[in-house]
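Listed below, chain by chain, are the residues.
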Amino acid sequence: MVFRDSVRCTDDVVAPTLDDDLVRAASRPIGGPLGDHARSGLSWWTPVRVVLAIAAVFFALGVVQKSPCVVTNWADDASPKPFSHMCYTDIPYLYVGRGFAEGVWPYEPQNDLPLVKRPETEVAYHDLTLEYPVLTGLWMGAAAAVTNAIGRSPDLSAIPHDEVGTVLDVQYDTAIYWAVNAVGFFLVLLGGLFLLVRAQRRRPWDAMLIAAAPVLPLAATINWDILAVGCVCAFLWAWATRRPVLAGLLIGIGAATKLYPLFFLGPLLILCVRERRLGVYAKTVVAAAVAWLVIDLPIYIWSPDAFTWFWRFNASRGADYGSLWLIASEAGHTASPHVINVTTWVFFGCACLLVALLALLAPRRPRLVQLLFLVVAAFLFVNKVYSPQYVLWLLPLAALARPRWRDLLIWQASEVFYFFAVWMHIANFMVPAGAFDTVYAISIVVRILGEFYLVVMVVRDVLSPWHDPVRADGLSDDPLGGIFDDGIDSEPVESEPTSAGLVAEPAGSADDDVVDKGGGVPDPDDDLVPGAGGLRGHRDEHHAHLHVRRLDEPALAAVDDVRRQRPPGRIEPATGQRRDPLPG
């Protein structure tokens, strides 16, 4: 890896056209990579404005993609249209199915329902009960209240629950309900991206990997998962800006929206152990617990049966869409929900243990978001349900753990293939109902392999930090790491023997961040580590690409100033000396 000044703009921001080979190649039709004399940082189109504008375009594409299924008369949306057009969304159906059209509040106790709407059996009551965590349910209820205020809201007091969906005015309101949720999702997405841009001063363009992701328009409005994505983005911003208590609160809020943000506490523990910051970890855990209890405890006290239905529903659920368990079940190897639950948690526990060992034994402390991605990916690998919208769980973590378009597009190509196959499978387009769907089974495997490819790349970055796109600039440690950034690291490991023909300039020189193939004699004081393509970079106790600074050398900030002021140049292979560019 060659660490050159040219990966950055003059305002010290990593330039995507210089940092990412795929972006560099794609930029050629519009003028090519950023030039050496370009004046960056002066345009009205700042990174945050560009990212939010692109996110608006991609979210709008998702609205267009879902529009065939957003109808005011369900006769226009008869099956299999939602699947043939791949525009299915849970939102309008749950507006009717969970009683929102009739004014039922989320988690309302059975005895509090009007007599005409009170179910006669427990099964019928659970048809009205939300199978979602509390904060998601409260969002759904708030959106229903807005819909009832601006929609037609017909009087349904005398109509049985099973017949509510046949009322045309209710069908009209389902489209309003979807639109209200979509507007809310859009604002959550913009807020999350805004915080991610602010969280990384040197890498604001990494948020573009989320805003322009192909899977975003496909999955954003299938269900309510984007609410948790907003919580995750806010958590990363809070932790990166060294607000551990606020970060803990956001973990608790995220866990009250979807369960998976709770898994973040594991990687935080491992890194706090490695950094000897257990006091900060304790504050974060307490804040997370307080936030979760403040949201969930009142609902539990008010309606314990409705509150616990989320847990009981998921415990009793068998193998479901997208999981490897479903392939086994459809191939005739069925297992009870209890067996699946126990086996899933055993495998997930083992995977978490491997991630912990990786974090503790890695030659350099991993970045926080790398471990978060690995833990969530491990859960999805073994979980008994892997719905199409779960790709949103991984999207911000994957984009920040491995900010390279090539790798993310390879992974998302497998997700797009699965997105197509799952709707064809549900509509029985490929095979008759009840027959084994080979194409769908292949799509599940391809999806898992695409995700596994990204996992392998992240693990490689952890074990060989010189491959990490974030740390490859020679200056960054863990931009989203907060208290971990530039913190305690492991002792430098023994470097591999230096190959003949590699040049390392004397330590402390102005050019010690640039190493290339060529002649010269390595400085014995430098600890050289292998880099991509057989090149070498210096190692620093905090920055794996810089030499260990001696007392008589400038601090990293001073070295950074020298790099930004020095004119760009290159190493002459024959002499090992820097050659400045020709005037003009």
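Our structure is the block above this text.
Let me sum up the structure you'll find in this document. Treat the numbers as computed from the prediction; the structure is a model and nothing was measured.

Quick look at the layout of surface pockets now. Estimates place the volume of the largest pocket at around 1,100 Å³. Considering the residues around the largest pocket, the lining is formed by 38 residues, among which Phe313, Asn314, Arg317, Val385 and Tyr390 are closest to the centre. Broken down by secondary-structure element, the contributors of at least two residues to the lining of the largest pocket are α5 (91-97), α15 (304-316), α17 (337-361) and α20 (405-426). It is α15 that contributes the most residues to the lining of the largest pocket, five residues altogether. Residue classes in the lining of the largest pocket are distributed as 24 nonpolar, seven polar and seven charged.

Before going further, it helps to examine the environment of Phe83. Turning to its location among the elements, Phe83 is positioned in helix α4 (residues 81-84). Taking the C-alpha atoms as reference points, Phe83 and His425, separated by 342 residues in sequence, lie 8.8 Å from one another. The residues touching Phe83, leaving out its near neighbours within four places in the chain, are Tyr88, Trp423, Met424, Ile426, Ala427 and Phe429.

Turning to empty space enclosed by the protein, a few remarks are in order. In this structure the tally under the stated criterion is five cavities of 30 Å³ or more. Counted as a void, the largest cavity has a volume near 80 Å³. Residue lining of the largest cavity: Tyr132, Pro133, Val134, Ala255, Ala256, Leu259, Trp292, Asp296, Phe307, Phe310 and Trp311, and that is the complete set. If you list the elements that add at least two residues to the lining of the largest cavity, you get α14 (278-302) and α15. By residue number, the principal contributor to the lining of the largest cavity is α15, which donates three residues. Taken together, the residues that form the lining of the largest cavity break down as 10 nonpolar, no polar and one charged.

Basis of the calculations
Residues numbered from 1 in each chain as written. Predicted model: local features only at pLDDT ≥ 70, side-chain atom pairs only at ≥ 80, totals over all residues. Heavy atoms only, no water. 1 Å grid on protein atoms, 1.4 Å probe; cavity = no way out; pocket = protein on both sides within 12 Å on 5 of 7 lines; lining within 4 Å. Points joined across faces, edges and corners; volume = space filled by probe spheres on them. Helix = DSSP H or I, 4+ residues; strand = E, 2+ residues; numbered from the N terminus. Nonpolar A, V, L, I, M, F, W, Y, C, P; charged D, E, K, R; others polar. Contact = heavy atoms within 4.5 Å.

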